[in-house]
Amino acid sequence: MSTSSTRMIRIFDTTLRDGEQSPGASMNVEEKVMVAKQLARLEVDIIEAGFAFSSPGDFEAVRRIAQEVEGPTICSLARARPEDIDRAWEALKGAPKVRIHTFLSTSDIHLKHQFRMTREEALKRAVAMVEHARGYVEDVEFSPMDASRSDPVYLCEVLEAVIAAGASTVNIPDTVGYAVPWEFGGLIRGIRERVPNIDKAVISMHCHNDLGLAVANSLAAIVEGAGQVECTINGIGERAGNTSLEEIVMGLRTRRDLYGADTKVRSEEISKTSRLVSKITGMVVQPNKAIVGANAFAHTSGIHQDGLLKEKSTYEIMRPESIGLVQSKLVMGKLSGRHAFRQRLEELGYRLSEEDVNHAFTRFKRLADQKKELYEEDLEVIISEEIARIPERVALKDLQVESGTNRVPTATVVLDIDGQSVKQTGTGDGPVDAAYRTIAGMTQTKSRLLSYTVKAITGGTDAQGEVSVRLEEDGRTVSGHGADTDIIVASARAYLNALNKLAYWSSKSHDAAQRVSLI
Ligand SMILES: [Zn+2]
């Protein structure tokens, strides 16, 4: 149904910046690069890779993504301060398509209490910083923070001035998630009517979900002519989160007849991207979440099932295949060689270095010994665990657990700690507890286990179990993952993965991100 009148809406993904601000969702550099590569396969238009000034880790993530990820424009956030903008440029320079995104509040509440600036001072600063950024790059985005609570007349003055100074995208944030769709649509309409040079810039919006309206507000803005959406995978983000990318993309595509707008996102990659972000951040998707929830395409009512069997469109407005939710396909078996393995990875969209292929192949062989048939999801797990690995202070060498109806669960664990092999035996309330207590004693960790979840990656009793844990130590939360056909082994791997992340963070303790309020 693609017609020439269909407007293409740009997708600006901020999973790695705003999404990462979700409590407990921090990602390390390797993980961010991995998510960015998947966002490139999804074909988003712009990736906001981080806030380069905030910490050395964020700087490094922006720099590596700008260097290594092909396709989308790579963007860094920067407050309206020269040193922030200089740092954003430092991280981005050398990459082919880059953007600097700078912001300053326009609401009287923020200007008075937080920035202690007058409206005139704020306007001058905004213009000067857009000009400063334009000194480095062509592509500059400006956000008037807290726009939805700003005086619309003043807001329009600021927008006119920053567009004249060279901003090619103006992004209207509903920073506190306060707007209502018809009101927010009206704000965008007002901007189009009152800002004389608005045709020189793309209008964008950045909505928060405090009242559950982020997607609705974004769609209302699109209807009024906005050309870019800021959003995140699974809608993660500060507090109640951001506009969810998958809901915007599928909303526009499913009702293109009504919106007359679409995006160039490859929707078949949505499901895979959602799983990757959920796994890396440890933020589980609620089963009833639109588009990517486990139940989103599960019809249980008998009447619906009957209709679906006769004709899919009776109750199905979207095909599960359109988000890449296909029957798990058998991809590899035990006898598959290294060459076939590499080829399969390439078909799935992963281009890996020789070293990464070697690591992944070793892991694949181990898994193929345990499990007869390997599915695409199994390969995804191998890739994410072997590629996004961090230096391991502690590694699992051996694990034996005894448990049963009439015995005290006992674990014997052999760990390699800083290159030394250590063995210990301990007991617990169950086999996982026994393994965890023993590992905790051996590593002398002071961390606290916040959550433990286990799920099967594919069907069948020989499926890999995937365990996710979240640990907290000194106010830092990390998630750890482990997969194995034995769930006790998977549990131990997940726990050690999280402990290694804590060690990795504390070895980079200078990397405490600045807590500043953002859009
Ligand atoms: Zn935000």
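See the structure shown above.
The structure presented is a predicted model; accordingly, all values stated were derived computationally and were not measured.

### Quick notes on the overall build of the chain
- Each helix and strand counted, the chain has 17 helices and 18 strands in total.
- Against the globule reference of 24 Å for 519 residues, the chain gives a C-alpha radius of gyration of 25 Å, in line with a compact fold.
- Taken along the three principal axes of its C-alpha coordinates, the chain extends 75 × 60 × 45 Å.
- By residue count, 56% of the 519 residues in the chain fall in the buried class.
- If the 64 positive side-chain charges of the chain are averaged to one point and the 73 negative ones to another, these points end up 1 Å apart.

### Some points on the coordination of the zinc ion
- Around the zinc ion, the donor atoms from the protein are D18 (OD), H206 (NE2), H208 (NE2) and I519 (O), and they sit 1.8 to 2.3 Å away.
- Metal-centred angles of 92 to 127 degrees between the four donor atoms at the zinc ion mark the site as tetrahedral.
- If you list the donors of the zinc ion from N- to C-terminus, the spacing comes out as D-x187-H-x1-H-x310-I.

### Here we look at the sheet that holds strand β14 (residues 410–417)
- Judged by pairing direction, the sheet is antiparallel, and its three strands sit side by side in the order β13-β14-β15 without closing on themselves. Two strands close off the open sheet at either side, each with one partner strand: β13 (394–402) and β15 (420–427). Sheet twist, expressed as the mean angle between neighbouring strand axes with direction ignored, is 15 degrees.
- Along the sheet face, helix α16 (residues 431–443) touches β13, β14 and β15 and points at about 35 degrees away from the line of β14.

### Examining empty space enclosed by the protein
- Taken as a whole and judged by the stated rule, the model has two cavities of 30 Å³ or more.
- Computed from the structure, the largest cavity encloses a volume of approximately 40 Å³.
- Considering the residues around the largest cavity, the lining is formed by S26, N28, E31, I280, V478, S479, K501 and W505.
- Looking at the lining of the largest cavity, the elements with two or more residues in it are β18 (476–484) and α17 (487–507).
- Class assignment for the residues of the lining of the largest cavity results in three nonpolar, three polar and two charged.

### Focus on the pairing of strand β2 (residues 10–13)
- Across four bridges, the pairing between β2 and strand β9 (residues 228–231) is parallel. Note on β9: the bridge partner recorded for D13 is C231.
- Pairing of β2 with strand β3 (residues 46–50), which is carried by two bridges, proceeds in the parallel orientation. Looking at β3, one finds that D13 is bridged to I47.
- With respect to chirality, the unit in which β2 leads through helix α1 (residues 29–42) into the neighbouring parallel β3 is right-handed.

### Some details on unusual backbone geometry
- Residue N234 is not a glycine yet carries a positive backbone phi of 60 degrees.
- Positionally, N234 belongs in the loop between β9 and α9 (245–254).
- Phi at D418 is positive, roughly 50 degrees, even though this residue is not glycine.
- Considering the arrangement of structural elements, one finds D418 in the loop between β14 and β15.
- The class of D418 is exposed, set by a relative accessible area of 53%.

### Let's talk about helix α11 (residues 270–281)
- Spanning 12 residues, α11 covers 16 Å between terminal C-alpha atoms, matching the ideal 16 Å at 1.5 Å per step.
- For α11, the tally of buried residues reaches 11 of 12 residues, placing the bulk of the element in the interior.
- Burial in α11 covers these residues: I270, S271, K272, T273, S274, L276, V277, S278, K279, I280 and T281.
- Phi turns positive one or two residues past the end of α11, at G282, with a value near 75 degrees.

The rules behind these values
- Residues numbered from 1 in each chain as written.
- Predicted model: local features only at pLDDT ≥ 70, side-chain atom pairs only at ≥ 80, totals over all residues.
- Heavy atoms only, no water.
- Helix = DSSP H or I, 4+ residues; strand = E, 2+ residues; numbered from the N terminus.
- Rg over C-alpha atoms; globule rule 2.2 N^0.38 Å.
- Buried < 20%, exposed > 50% of the residue type's maximum accessible area, 1.4 Å probe, protein only.
- Lys, Arg positive; Asp, Glu negative; His and termini not counted.
- Charge placed at Lys NZ, Arg CZ, Asp CG, Glu CD.
- Donors = N, O, S within 2.8 Å, 3.2 Å for Na, K, Ca; no water.
- Tetrahedral: all angles 85-135°; square planar, octahedral: opposite > 155°, others 65-115°.
- Pairing = 2+ DSSP bridges.
- Axes fitted to C-alpha atoms, helices over the stretch in contact; angles between N-to-C directions.
- Contact = heavy atoms within 4.5 Å.
- 1 Å grid on protein atoms, 1.4 Å probe; cavity = no way out; pocket = protein on both sides within 12 Å on 5 of 7 lines; lining within 4 Å.
- Points joined across faces, edges and corners; volume = space filled by probe spheres on them.
- Nonpolar A, V, L, I, M, F, W, Y, C, P; charged D, E, K, R; others polar.
- Right-handed = clockwise from strand over helix to strand, strands pointing away.
- Expected span 1.5 Å × (residues − 1).

Limitation: the analysis is restricted to geometry and does not speak to function.
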